[in-house]
Amino acid sequence: LMAVAHADAIKAAAEALCLVSNPTQLCVQGQWSGKDGAQGRVQLVKLRPDRFQALMPENVKIETELNGEITGAMKPDGALQGNADLRLAPGNLDLVANGEPLKVALGGGSVQAKATGKDANAEVKLSLGDLGQIASTARLSDLTGKPRIVSKVQAEIKDLAIVSAFAPQVQEVKGRLTADIDVSGALSKP
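Structural notes, computed from the coordinates. Given the structure is predicted, the values throughout are model-derived calculations rather than measurements.

Across its full length, the protein chain holds one helix and 14 strands. Taken over C-alpha atoms, the radius of gyration comes to 21 Å for the protein chain, far larger than the 16 Å a tight globule of 190 residues would show. Seen along its three principal axes, the alpha-carbon backbone of the protein chain occupies a region of about 70 × 45 × 25 Å. Counting across all 190 residues of the protein chain, residues that qualify as buried make up 20%. A separation of at least 24 residues holds for 36% of the contacts in the protein chain among residues at least 6 apart in sequence. Looking at charge distribution, the protein chain has the averaged site of its 21 positive side-chain charges lying 6 Å from that of its 21 negative ones.

Put into structure tokens, the structure is as follows:
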């Protein structure tokens, strides 16, 4: 833990507040002033799922790492701005389904989001390697009034044979799955 901070009635700042547990590092920095508003930044380096293995089923192991950065600012009038950029490194999902080991290659993924004033946009991508991919976009508008959403989810599973690993009563499954889902309307009732 390393930190450099200062504060008074007019402004406050924290620089280089980092929590390190090799190989993972989480750093936070920010500043506030009554005149300029607030700004902050969070950086995440090499967060690996094995840190949470005790919370996962014992027959599931995920080998990858998450890296990213989130920045945000709030003007003195309350207007918000923010960006998020999170990246999932390529890796593997190993599990045991009905007594048989199964390995799914993860081709990596990303979450990117941006908020400006009353609107926000997000894009999520996940590659399942040779198995397929999932992608989603969402646009939120009028966040301070009556929020609305326009969203799209697209997914493709190229080989449904994997179903047999989870449902042994279903064998010799062939085919592929594609999905193209649109969601729109009021956020409370899309």
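Read from one edge of the open sheet, three strands run β5-β8-β9, paired in antiparallel fashion. Edge positions in the sheet fall to β5 (60–63) and β9 (100–106), since each has one partner strand and no second. Neighbour to neighbour, the strand axes of the sheet diverge by 15 degrees on average, direction disregarded. Sheet topology places β5 next to strand β8 (residues 91–97); four bridges connect them, and they run antiparallel. Counted as the bridge partner of I62 is L93 from β8.

Along the chain, P90 turns up in the loop between β7 (80–88) and β8. Judged by relative accessible area, P90 falls into the exposed class, the value being 61%. Residues P90 and L126, 36 residues apart in the sequence, show an inter-C-alpha distance of 9.8 Å. Those residues in contact with P90 that sit more than four places away from it in its chain are E63, T64, L106, G107 and G108.

Moving on, we get to the nonpolar core. In terms of nonpolar packing, the biggest core is built from ten residues, these being M56, V60, L95, A97, L102, V104, L106, L128, L131 and I157. When residues of this core are traced back to their parent elements, those giving at least two are β8 and β9. Ranked by residues supplied to this core, first place goes to β9 with three residues.

Criteria and thresholds
- Residues numbered from 1 in each chain as written.
- Predicted model: local features only at pLDDT ≥ 70, side-chain atom pairs only at ≥ 80, totals over all residues.
- Heavy atoms only, no water.
- Helix = DSSP H or I, 4+ residues; strand = E, 2+ residues; numbered from the N terminus.
- Rg over C-alpha atoms; globule rule 2.2 N^0.38 Å.
- Buried < 20%, exposed > 50% of the residue type's maximum accessible area, 1.4 Å probe, protein only.
- Contact = heavy atoms within 4.5 Å.
- Lys, Arg positive; Asp, Glu negative; His and termini not counted.
- Charge placed at Lys NZ, Arg CZ, Asp CG, Glu CD.
- Pairing = 2+ DSSP bridges.
- Axes fitted to C-alpha atoms, helices over the stretch in contact; angles between N-to-C directions.
- Core = buried A, V, L, I, M, F, W, Y, C linked by side-chain atoms within 4.5 Å.

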